[in-house]
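What the coordinates show
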Amino acid sequence: MIPAHLNFAHLKRCVSILTVLEAKGVTTPLTKRGDQLFGPCPLHGGDNPNAFVISLSKNLWRCFTGCDAGGDVVELVRRLYGKNYRQTAAFLATLAATEPTSQTASSLQPLKKSFRPFTARLHLNASVPWLRQKRITPTTARRFEVGAYQGGGFLKECIAVRLHDLDGHPIGYAGRCLDTNQVKQYGKWKFPPGLPKNKILYNFHRIKSWHRKGVLVVECPWGVMRLAQLNIPAVALLGIHLSAVQNDLLEKISPVVLMLDGDRAGQEATVRIRSALEPYTKVYTITLPSGLDPDDLSDEALSSVTRHFLF
Ligand SMILES: [Zn+2]
């Protein structure tokens, strides 16, 4: 029995062709005509602007020149990364966990245009056991506008985390889902539909004036908050992929200290991100013991592993 979150039918619905290309760092411009996007083929690497066609409504792709092949997201990942089916399922599941949940293949569109910031402020409970377990104090939670959401809808049963654009304007909330069934099905995090996640660097607006001595980069907002309690400037990628925008911001800061999760995905991402940033700035990496995230560490451990790099 394949676990629900590794089920291909589910993954094909959840992950768009565009997300796979973005994750791979494919930046070639795509032209939209009706329901289709056209561009050079990212697989065989030609420069014919009409070689590669994506159907947005069907979430399918086809290369009409060099590859003369096509298929769905599964086939695209297999060809782009040379992964087998099991690895492909695991990879798509990590992308699905960061994909806006209400987006289905039938409503797929280029993300940026459809997103409307949600600027209203929600009433959140900052004094909840889940945050205490993460050792995030109510004061920090209120400062970061984080807490349990008691209403229904998209953030039901979630710890909500307010998101801001790079200038600090609120744009909505992400939800860390606490319902185990939903986590199994959709992953831990929920993001607002259409959120241009690749244009966000979580907490950047708060640290941009005081990162002279460098910045810590983690995957999740919890790591950022834990480090903030120790007066250490940090940002979160909201996942394991470094977008072009995030890359541009980080390459101007020195040093950049990568402290991603201590799982395989985090370690592989560390290698990738390090090599992307290293030509431009000083990069250090902190490897956490297998299975540990930054927010699993004690305050003492966090400050001792980070201190050498920033101060
Ligand atoms: Zn091709």
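Residues numbered from 1 in each chain as written. Predicted model: local features only at pLDDT ≥ 70, side-chain atom pairs only at ≥ 80, totals over all residues. Heavy atoms only, no water.

The name that an unreviewed UniProt entry assigns to the protein is Toprim domain-containing protein, with the source organism given as Desulfosarcina ovata subsp. sediminis.

1. Details of the environment of Leu-227
Looking at the element boundaries, Leu-227 is found in helix α10 (residues 221–229). With a relative accessible area of 0%, Leu-227 lands in the buried category. A sequence separation of 72 residues divides Leu-227 from Asp-299, and the C-alpha atoms of the two residues are 8.4 Å apart. Apart from the residues lying within four places of it in its own chain, the contact partners of Leu-227 are Leu-216, Val-218, Ile-232, Ala-234, Met-259, Leu-302 and Thr-306. (Helix = DSSP H or I, 4+ residues; strand = E, 2+ residues; numbered from the N terminus. Buried < 20%, exposed > 50% of the residue type's maximum accessible area, 1.4 Å probe, protein only. Contact = heavy atoms within 4.5 Å.)

2. Structural notes on the domain arrangement of the protein
With domains assigned, the protein is organised as domain 1 (4–111), domain 2 (141–195) and domain 3 (204–310). Using only C-alpha atoms to locate each centre, domain 1 and domain 3 end up separated by 28 Å. (Domains from an automatic or database assignment.)

3. Let's talk about the pairing of strand β11 (residues 215–218)
Neither face of β11 is exposed, since Val-215 and Val-217 on one face and Leu-216 and Val-218 on the opposite face are all buried. Note: β11 against strand β13 (residues 256–258), three bridges, orientation parallel. By the bridge assignment for β13, Val-217 is matched with Leu-258. Here β11 pairs with strand β12 (residues 234–236) via three bridges, running parallel. What sits directly across from Val-217, in β12, is Val-235. As a crossover connection, the stretch from β11 through α10 into β12 is right-handed. (Pairing = 2+ DSSP bridges. Right-handed = clockwise from strand over helix to strand, strands pointing away.)

4. Notes on the UniProt feature "domain: Toprim" (unreviewed entry) in the protein
Cross-referencing UniProt, the feature "domain: Toprim" (unreviewed entry) maps to residues 213–289 in the present numbering. The distance from the first to the last C-alpha atom of residues 213–289 is 26 Å, and the span holds 39% helix and 17% strand. (UniProt positions renumbered as here; feature names shortened; annotations may be inferred.)

5. Focus: the sheet that holds strand β7 (residues 146–149)
The pairing of strands in a sheet comes from backbone hydrogen bonds and takes either a parallel or an antiparallel form. Within the open sheet, the five strands sit side by side as β6-β7-β8-β9-β10. Their pairing is antiparallel. Edge positions in the open sheet fall to β6 (124–125) and β10 (189–190), since each of these has one partner strand only. Judged from the three bridges that link them, β7 and strand β8 (residues 158–164) form a sheet pairing that is antiparallel. Bridging from a neighbouring strand, Val-146 pairs with Val-161 of β8.

6. Things to note about the nonpolar core
Membership of the largest hydrophobic core comes to 39 residues, with the highest contact counts inside it found for Leu-131, Val-146, Tyr-202 and Trp-222. Secondary structure elements with two or more residues in this core: α6 (129–133), β7, β8, β9 (170–177), β11, α10, β12 and α13 (299–310). In terms of residues, this core owes the most to one element, α10, which gives five residues. Taken domain by domain, the makeup of this core includes at least three residues from each of domain 2 (141–195) and domain 3 (204–310). Excluding anything up to four places from it in sequence, Val-146 contacts Leu-124, Ala-126, Leu-131, Ala-141, Ile-159, Ala-160, Val-161, Trp-222 and Met-225. Counting residues in hydrophobic clusters, the runner-up holds 27 residues, among them Leu-11, Cys-14, Ala-51 and Leu-76. (Core = buried A, V, L, I, M, F, W, Y, C linked by side-chain atoms within 4.5 Å.)

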